Amino acid sequence: MFSENQRVSNSETDTFFVFADNDDTFIFADDNGGQPINEVNRGSQTVPNSSPTPVALWKILIVDDDVLVHRATILALEDCTFESKPLTFLHAHSATEAKCLIQTHPDTALILLDVVMETDDAGLQVVQYIRAELHNHQVRIILRTGQPGEAPEASVILDYDINDYRLKTELTRQKLITVVISSLRSYSNILKIENQNSELTLALDHLQQTQAQLIQAEKMSSLGQMVAGVAHEINNPTNFIYGNLFHTENYVQSLLKLIKTYQKYYPTPVEAIQTIAESIDLPFLMEDLPKLFDSMRVGTERIKHIVESLRNFSRLDEAEIKPVDIHSGIESTLLILQHRLQANDKHPEIAVIKEYGQLPLVNCYVGALNQVFMNILSNAIDALEMRTLPYGTLRVACFSEGVPQATSLREVAPTTAVPSSEAEMLSTSQSIAGDWGITSETFSLPTIRIRTEIADVDRVLIRIADNGLGMSESILKRIFNPFFTTKPVGSGTGLGLSISYSIVVKQHGGHLTCSSAPGKGTEFVINIFI
């Protein structure tokens with residue numbers, strides 16, 4: 001039927017485009033359905049709906065209400081390839097069919113679109129649908145019309161986002177091939193630019209994350225060095241006091257024993273000794289002195305515990321995975337943040353409810369995981385500081401497997417009343433109290449709940465929740481993005497949660513999720529392997 005294949009032009013790109021013969025004949029004889037040259041009877045050719053990158057073939061959608069136009073177009077292009085990839089054709093005979101096909105095949109490269117079909121502007125409506133509703137700006141659109149007066153070229157090109165406008169009667173085979181080459185080349189370049197943009201976006205995101213990690217690592221390293229230095233300086237005098245306290249208590253006990261022996265054998269001392277004994281209230285002194293030593297011993301042990309916690313938290317430079325006690329890391333972090341949990345002019349004292357499960361040692365990067373606890377707990381405190389709540393009775397409970405082990409009560413001075421909107425929020429939130437394990441008496445107070453448990457045999461869940469104001473869905477979707485923050489300028493860098501996500505997901509192969517809603521508080525869940 002056709003002569004041997006020939007190239008359209010000598011350009012490097014055009015060498016990939018081959019057509020059947022070199023006869024430059026009109027493929028559309030007139031504007032009212034005239035017979036095309038070498039008409040053959042062909043059906044539709046389609047491919048599955050897929051969009052590989054790069055494309056494996058070029059999809060061309062022919063939209064025309066004249067069947068002969070479809071046949072003539074395929075006849076002119078049937079043996080063509082571009083960039084060594086074949087062309088495949090989709091067929092629509094109305095604007096309605098065209099809309100359905102382009103929605104099903106968003107990876108269509110080119111649309112050869114008739115203007116006048118079921119209506120005088122049916123083709124133009126298809127253009128509007130593709131660009132405005134589907135937001136598909138990649139596909140190339142060539143308008144072809146046999147009735148130019150119905151849609152003047154100048155106004156159409158200005159008012160509609162098309163790539164070319166041709167009369168059917170002027171399209172020779174050579175011109176049609178030229179139009180198709182140009183359109184496919186344009187579509188291919190658009191795909192390449194979009195791929196490059198995607199790669200640049202990924203590179204920029206990676207660069208921002210790396211920058212965030214470096215900033216946060218430097219910040220936490222400085223904090224760790226400072227904490228380690230303070231712990232070391234406190235540890236030396238504390239050990240000195242603690243070590244000598246034992247001997248001092250023994251010496252005092254010996255002196256008290258000597259005094260009791262004197263009192264036994266010399267019950268009536270001389271007047272001078274009796275006067276001094278009465279002035280110092282010797283009986284009370286002998287009774288109270290051992291109690292003072294007990295108090296000092298408890299105090300020094302408390303200092304030793306604080307120093308140990310500080311040193312545990314400061315292990316930020318440990319790069320090896322090792323079995324650690326998760327609860328120890330949480331307690332160390334709470335100790336560092338203790339001053340922020342106490343009552344101040346921004347909020348009453350924050351209740352900390354601990355529901356610690358029976359956990360084995362967990363293999364993890366201890367310093368990095370402590371950093372995650374620090375970031376999440378700091379954010380919880382920030383959220384609670386945004387609330388204005390009345391001071392009242394504060395109950396701090398410690399649970400082990402849900403069973404209360406220790407409870408302390410203390411009264412806190414009253415302050416400003418709750419605004420009406422806040423009070424309503426609190427009343428509607430009471431239904432969450434059962435899930436929180438907090439009584440209605442204390443639920444209205446700013447509270448942080450920390451819960452640990454074993455999940456799926458080989459995983460540990462660490463839940464950290466607060467009953468703050470919560471977050472909207474739009475904010476919730478962005479909280480792990482680098483540099484995203486809702487805090488005022490100068491109050492936050494937007495790095496903490498991004499770094500925490502990287503530590504949990506990338507370093508530990510775990511999951512870090514967050515659930516929140518306005519008026520419902522916020523809960524973070526850390527899920528890592530044992």
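Heads up: the structure comes first, above all this text.
This structure is a prediction, so every number in the text was calculated from the model and none was measured.

Asker: Can you help me understand helix H6 (residues 271-279) in this one?
Answerer: Since the α-helix turns once every 3.6 residues, residues separated by three or four places project in the same direction. Little of H6 is tucked away: zero of the nine residues are buried. Positive phi shows up at Asp281, right after H6, with a value of about 55 degrees.

Asker: What exactly am I supposed to notice about the nonpolar core here?
Answerer: Most often, soluble globular proteins have nonpolar side chains that are buried together. Grouped together as the largest cluster of nonpolar side chains are 46 residues, with contacts concentrated most on Ile326, Ile448, Ile450 and Ile526. Element by element, the count of residues in this core is highest for helix H10 (residues 366-385), at 11 residues. Every residue in contact with Ile450, bar those within four places of it in the chain, is listed here: Ile330, Leu334, Val352, Ile353, Lys354, Glu355, Tyr356, Leu377, Arg463 and Ile464. Listed in part, the 25 residues of the second largest apolar core include Val115, Leu124, Tyr129 and Leu143.

Asker: I keep staring at the sheet that holds strand S6 (residues 110-114) and nothing clicks. Help me out?
Answerer: Strand-to-strand pairing in sheets goes through backbone hydrogen bonds, with the strands running parallel or antiparallel. The six strands are arranged S4-S5-S3-S6-S7-S8 in an open sheet whose pairing can be described as mixed. In the strand order of this sheet, the two ends are held by strand S4 (81-82) and strand S8 (164-167), each with one partner. The strands touched by helix H1 (residues 67-77) are strand S3 (58-63), strand S5 (85-92), S6 and strand S7 (140-145); relative to S5, the strand with the most contacts, the crossing angle is about 180 degrees. Packed on one face of the sheet, helix H3 (residues 122-133) meets S6 and S7 and runs near 170 degrees to S7.

Asker: What's the story with the pattern of salt bridges in this structure? I'm lost.
Answerer: Proximity of charged atoms lets side chains of opposite charge pair with each other. Tallied over the entire structure, the rule returns 16 salt bridges. For the salt bridge of Arg131 with Asp161, the shortest nitrogen-to-oxygen distance reads 3.3 Å. With Arg131 in helix H3 and Asp161 in the loop between helix H4 (153-159) and S8, the pair connects residues that are 30 residues apart, well separated along the chain. Classification of Asp161 by relative accessible area gives partly exposed; the value is 38%.

Asker: How do you make sense of helix H2 (residues 95-104) when you look at a structure like this?
Answerer: Within the span of H2, buried status applies to Ala95, Ala98, Leu101 and Ile102. Down the axis, H2 shows its buried residues gathered within 125 degrees of arc, on one side only. Exposed and oriented more than 90 degrees from the buried face of H2 are Thr96 and Gln103. Tucked into the core, H2 has its buried residues touching S3, S5, S6 and H3.

Asker: Which parts of the structure should I look at to understand unusual backbone geometry?
Answerer: Among all residues except glycine, the phi angle is most often negative; among peptide bonds, the trans geometry is most common. Even without being a glycine, Glu83 presents a positive backbone phi close to 55 degrees. Turning to its location among the elements, Glu83 is positioned in the loop between S4 and S5. Unlike most non-glycine residues, Ser84 shows phi in positive territory, near 65 degrees. In this fold, Ser84 is placed in the loop between S4 and S5. Of the residues examined, Ser84 reaches a relative accessible area of 58% and is grouped as exposed.

Criteria and cut-off values
- Residues numbered from 1 in each chain as written.
- Predicted model: local features only at pLDDT ≥ 70, side-chain atom pairs only at ≥ 80, totals over all residues.
- Heavy atoms only, no water.
- Buried < 20%, exposed > 50% of the residue type's maximum accessible area, 1.4 Å probe, protein only.
- Helix = DSSP H or I, 4+ residues; strand = E, 2+ residues; numbered from the N terminus.
- Core = buried A, V, L, I, M, F, W, Y, C linked by side-chain atoms within 4.5 Å.
- Contact = heavy atoms within 4.5 Å.
- Pairing = 2+ DSSP bridges.
- Axes fitted to C-alpha atoms, helices over the stretch in contact; angles between N-to-C directions.
- Salt bridge = Lys/Arg side-chain N within 4 Å of Asp/Glu carboxyl O.
- Arc of directions from axis to C-beta.

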